Every structure is written in C-alpha cells, then in structure tokens.
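In case you want the letters, here they are:
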Amino acid sequence: MIQLNQHATPDPEVVVTELEGLEGKEAVLLHLGTKMYFTLNETGLRIWQMLNSGLTPEEISEQFLKEFDISPEKAKESILNLIDELITEKLVKVADGWSD
Amino acid sequence: MNHRGMLIELTNRCNLSCHHCLDRRHSGDGDLKIEIFERILQNARKHGFDYISFTGGEPTLHPGFTEMLTMVSEAGYNFGFVTNGWNFTRIYEKLLPHSNKLTGITFSLDGAREETHDRLRGRDSYRRMMQAVSICVVKDVPFTFNTVITSYNRGELKEMAGLAAKLGSRGLRFGHLISHPRTETEYLGLSPAERKETEAIIWQLQNTLHMPIVMASGYYTTDLFPCAPLKMQEISVNWRGNITACCNLSGHGEDVGNDDIIGNLHEMRFSEAYGRLVQANRKFQKDKHTLYNNGKFKDSDYFPCWYCLNYFRKVDWLSYYPENPWSSLVWTK
Ligand SMILES: C[S@@+](CC[C@H](N)C(=O)[O-])C[C@H]1O[C@@H](n2cnc3c(N)ncnc32)[C@H](O)[C@@H]1O
Ligand code: SF4
Ligand code: SF4
C-alpha cells in the first residue's frame, strides 16, 4: 500500500490521452511496455495530473477537498486505492525507498 | 461480397515529411476541390463503387474534411481513411456521428519500437499514434495498421504483429516500399532477394495470431493481375482531380512517365474519365499478356508494382543509381 506522504510518479512509458466521455472529461493511459490500456474518469484524471506535478497522496487529498464535495476519509481512501491500482498496473512508480 | 472502392487523395499537404514518402505527396499546399468530390460521390455509385477511402498527404488536414465526412455518409457510401494519427485528437468527435458508415481507420505504423517509427516519421509520431489508437479503443472505432517495409523496420515484423494484436487492431497490412531517389540516397529499399525474405516471414506470421495479417499488392506472385486497381475494383483520384491508374504510381517517376494519369475531372465528365480508365486497363492487360507469352518476363517482373513502375516509366531515374540492385532490372526500350 502506498502511504499518504510517499511520492509516486507517472511512468514516462505511459501515453496519456484526454478525451470527452459521456460524463465529462476522461483519460486513457497506455503503457508502451505492457501495451495495456487503463481508463480514468474525471476524478482519476485529476489524481493523475496531480501525481504528475509531484504531489503526494496527502497533498492530493487536501486539493480534492477544495475541488470536490467529498469527506476527507473518502478522499484519502479513493486516492490511495487508485494509486495502488496504478502501481499494480505499472503506470506509476513509487519514489525510491518505498517497499510493501 | 466484393466491394469496389474509390481511393481519393484529398490533399498533398502534410504535417510530416517521412523519409520513405515522396516529397510531392506531402510538401505541397493543394487540396481536392469540394465540387470535384461532390461529382465523384454523385457518379461513383453508378459505376458500382460503394466505398470511399481517403488518403493524402494527410487527409485529415483538408480544410473541408469534416464536411466531406458528412457528404460521404449522407451519400450512403461506406468510408475509411489512412492517417498518420497526429490530428486524431482534434477530429475524432467529428467521426463518431458517422460511425455506422465508417468501416475503419488505417494508421501508418512504421516501427514496432518508438525509435524506429520516429526515425522514419519524425519525433513524437509514435506517441501521437498511440494516443489516436487509445481513442479508437475507448470509442469503439475499428482500426488497422499499415506498415511499409524498409531497411529500418524489416527486423521488427514479428514484433509489429504482436504490437498490433495487443493494441486491439483488427489487422495489419505490410507493403513494399515504392522507391524514389530519396529512399535510395537513404538506403531504405530492399533488394529483390530481401523482399522475398521478408515476404516469407510475413506468410509465416499469418498463422500465428488471430488478427489478420496481409500483404498489400506488390508482393512476388505469378498472378498477372493480382490487385484491386488492375481488376478495376479500385479507382484512384489525386488531389488535382485526376483519375489515375493507381495511387501507388501517382507522382512517382520524376516526371518521365505520366501515362498513369487518365483524365482530369475538371475537364471531363466522370463517365468519360472512367471510360478512358477502362480502355487503359484493357491495353495494360493485353500488353502484360503479350510480354508474358513472349517469354520476356524477368523474375523481378513478378513483383507486380515493379512491373507497373516499368510499364509507366517511373523508374528511369534508377540509371543514376547503378549500384542499386534494382537498377539493372529496369526495362530497356
Ligand atoms: C502517402 S500516406 C497518406 C496518408 C497519411 N499521411 C499516412 O501517412 O498515413 C499513405 C500510405 O502510404 C505509405 N507510403 C508513403 N510513402 C510510401 C512509399 N514510398 N512506398 C509505399 N508506401 C508509402 C504511408 O506509409 C502510408 O501508410
Ligand atoms: S507518409 Fe503520410 S504522414 Fe508521412 S509524409 Fe507522407 S503523407 Fe505525410
Ligand atoms: S502499382 Fe500496379 S500492381 Fe501495384 S497496386 Fe498499383 S496497379 Fe496493382
């Protein structure tokens, strides 16, 4: 599990494509190594963008509370869950020093 | 069912300058006139054509591309196009309303690896195509890949097939390079023997995946009339409004042979140009039979596009490249 204060960064091998979905903006991630696709909804895309700008899960969570109508617990939980999934799919890498 | 298609070069403009591509195909600023396009749509069906395929240059750069999509689907034709993918994030939404008529998009993939594709097509080209492909997957738009075999990518054929299948492509089509002076100065072309070797690899690959893997016409065959243009199942129109014998030949030859240009739709009715094409096709068939029956065929003439390039005098320039393995195979008068 990723921790709230750990840095996780998008793998440079991932091609991100933003597009208009039925429920607003969404994105498709394609890992050039594994050739696997992964779709993100609007909030997932925001998490991805914030990871990309170097924010920790904690900082993303704080930002989320400003942008979305969501409780702090729920925000943290969904952010950590998504990042864990992105790690499993090799779409983001945890900064050095992290182990599970 | 056999579809008959019109292959329409919408423009000779392009955002890229790929190493294997003929300069005059991508370095211009000319677009097919919408009036000519309209006439094609009005007439093609009468001659049994039910499918329109756009090419270029980069077809999506035609200023009327969106309007043309509407025109083609309202006229009841199925359609598709071949593209480098760069413009796709901008145009895909315009395609979706016509998805019932869109049979598929062909992306030009010239390397399994990013560095190979970009070496031929320019920096970022691979990633831009992957973005386009990602959109197709999410929006359920069918797509295939087209690969021109060159000395740069011939070692990646198997990898290319694996990549295409993993990405969700409906197929992969390999084709031989039509050489021109630029491809020769950059040593992109393969010799006849190397072409046969790559074909053998591709024929083997065909049975390894569920995805169809085919070769575009131009591979070695004893069939004298193996392709859609020679069977009159595909007609090409270039951006100037010329009906031509085949898009593969269009613009090639350094202006020596231009007999592949059949008639211009600015100057004559569609049916007249079509009639001329039928005549030209008959003559071509007769001449090919005669040459074959007289025992004048060289082994290299079983590469049908090479035969056409000679027939239409598109390879005279090879005399300036005597060290090129095809040079000694050019027909002498
Ligand atoms: C001329 S491009 C036009 C469409 C679009 N710009 C693209 O690249 O897909 C159509 C196809 O012709 C291929 N092509 C370009 N130069 C070629 C050549 N010298 N011989 C054979 N095919 C070629 C391209 O790779 C592409 O798949
Ligand atoms: S192959 Fe297509 S993308 Fe490349 S220069 Fe030619 S027209 Fe443009
Ligand atoms: S160049 Fe000749 S053989 Fe090749 S596809 Fe065109 S018409 Fe057929």
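Residues numbered from 1 in each chain as written. Chains lettered and ligands numbered in written order. Predicted model: local features only at pLDDT ≥ 70, side-chain atom pairs only at ≥ 80, totals over all residues. Heavy atoms only, no water.

In terms of helices and strands, chain A carries 3 helices and 5 strands. Secondary structure elements of chain A occur, N-terminal to C-terminal, as β-β-β-β-α-α-α-β. Over its C-alpha trace chain A gives a radius of gyration of 13 Å, about what one expects of a compact globule, namely 13 Å for 100 residues. Residue pairs at least 24 apart in sequence account for 50% of intrachain contacts in chain A once pairs closer than 6 positions are excluded. The average position of the 8 basic charges and that of the 19 acidic charges among the side chains of chain A differ by 3 Å. (Helix = DSSP H or I, 4+ residues; strand = E, 2+ residues; numbered from the N terminus. Rg over C-alpha atoms; globule rule 2.2 N^0.38 Å. Contact = heavy atoms within 4.5 Å. Lys, Arg positive; Asp, Glu negative; His and termini not counted. Charge placed at Lys NZ, Arg CZ, Asp CG, Glu CD.)

To continue, consider the confidence of the model for chain B. Confidence along chain B averages 96 in pLDDT terms, with 99% of residues attaining 70 or more. Listed scores for the predicted complex are pTM 0.96 and ipTM 0.92. (pLDDT = per-residue confidence, 0-100.)

Residue and element names in this part refer to chain B. The tally for this structure, following the rule as stated, stands at 26 aromatic pairs over all chains. Here the aromatic rings of Trp 317 and Tyr 321 are separated by 5.6 Å at their centres, their planes lie at 85°, and the arrangement is edge-to-face. Taken individually, Trp 317 and Tyr 321 each receive the classification buried, so the pair is uniform in this respect. The structure contains a cluster of three or more aromatic residues connected by ring pairs, namely Tyr 220, Phe 284, Tyr 292, Phe 297, Tyr 302, Phe 303, Trp 306, Tyr 307, Tyr 311, Phe 312, Trp 326 and Trp 331. The ring of Tyr 152 has Arg 119 lying over it, and the distance from NZ or CZ to the ring centre is 3.5 Å. Positioned above the aromatic ring of Tyr 220, the side-chain terminus of Lys 196 is 4.2 Å from the ring centre. (Phe/Tyr/Trp six-rings, centres within 6.5 Å; stacked < 30°, edge-to-face > 60°. Buried < 20%, exposed > 50% of the residue type's maximum accessible area, 1.4 Å probe, protein only. Lys NZ or Arg CZ within 6 Å of the ring centre and 35° of its normal.)

This next bit is on the site of ligand 1. Residue and element names in this part refer to chain B. Not every one of the 19 residues close to ligand 1 is listed here, only the nearest: His 20, Ser 108, Arg 121, Asn 146 and Ile 178. A distance of 2.5 Å is found between an oxygen atom of ligand 1 and a side-chain nitrogen or oxygen belonging to Ser 108. Note that a nitrogen atom of ligand 1 is positioned 2.8 Å from one of the backbone N or O atoms of Ile 178. Protein chains shield 89% of the accessible area of ligand 1, which is 540 Å² for the free molecule. Those elements that provide at least two residues to the shell around ligand 1 are strand S5 (78–83) and strand S7 (143–149). Classifying every residue of the shell around ligand 1 gives 5 nonpolar, 10 polar and 4 charged. (Near = heavy atom within 4 Å. Polar contact = N/O pair within 3.5 Å; in protein donor to acceptor, adjacent residues only side chain to side chain. Areas by Shrake-Rupley, 256 points an atom, 1.4 Å probe, with all protein chains shown as cover. Nonpolar A, V, L, I, M, F, W, Y, C, P; charged D, E, K, R; others polar.)

Within the structure, ligand 3 sits among Ser 217, Cys 227, Pro 229, Leu 230, Cys 246, Asn 248, Leu 249, Pro 304, Cys 305 and Cys 308 of chain B. By residue class, the composition of the shell around ligand 3 is 8 nonpolar, 2 polar and no charged.

For the rest of this paragraph, the subject is the confidence of the model for chain A. Considering every residue of chain A, the mean pLDDT works out to 93; 95% of them sit at 70 or more. No element of chain A has a lower mean pLDDT than strand S2 (residues 14–21) of chain A, at 94, and none a higher one than strand S4 (residues 37–40) of chain A, at 98.

Time to look at the interface of chain A and chain B. Listed per partner, the contact involves 17 residues of chain A and 17 residues of chain B. Regarding the contact of chain A and chain B, the summed buried area is about 1400 Å², with carbon and sulfur atoms giving 63% of it. Across the contact surface, chain A and chain B share 1 salt bridge. Measuring nitrogen to oxygen at the nearest pair gives 3.7 Å for the salt bridge that ties Arg 127 of chain B to Glu 13 of chain A. On the surface where chain A and chain B come into contact, there are 6 residue pairs in polar contact (both at pLDDT 80 or more). Those elements that place two or more of their residues in the side of chain A that touches chain B are S2, strand S3 (24–31) and S4 of chain A. For the side of chain A that touches chain B, the leading source of residues is S2 of chain A, giving 7 residues. (Buried area = accessible area lost by both parts, 1.4 Å probe. Salt bridge = Lys/Arg side-chain N within 4 Å of Asp/Glu carboxyl O.)

Residue and element names in this part refer to chain B. Along the chain, the position of Asn 264 falls in strand S12 (residues 261–264). Taking relative accessible area as the criterion, Asn 264 reaches 11% and is therefore assigned buried. Polar contacts involving the side chain of Asn 264 include one to the main-chain amide nitrogen of His 266, which spans 2.6 Å.

Glancing now at the packing of helix H5 (residues 114–121) of chain B against helix H6 (residues 125–139) of chain B. Residues and elements named next belong to chain B. Where H5 meets H6, the axes come as close as 7 Å, and the angle between the chain directions of the two elements is 110°. With respect to H6, the element H5 is oriented roughly perpendicular. From H5, Glu 114, His 117, Asp 118 and Arg 121 reach across to H6, where they touch Ser 125, Tyr 126, Arg 127 and Met 129. For the contact of H5 with H6, a count of residues per class yields 2 nonpolar, 2 polar and 4 charged. (Axes fitted to C-alpha atoms, helices over the stretch in contact; angles between N-to-C directions. Parallel < 35°, antiparallel > 145°, perpendicular 65-115°, else oblique.)

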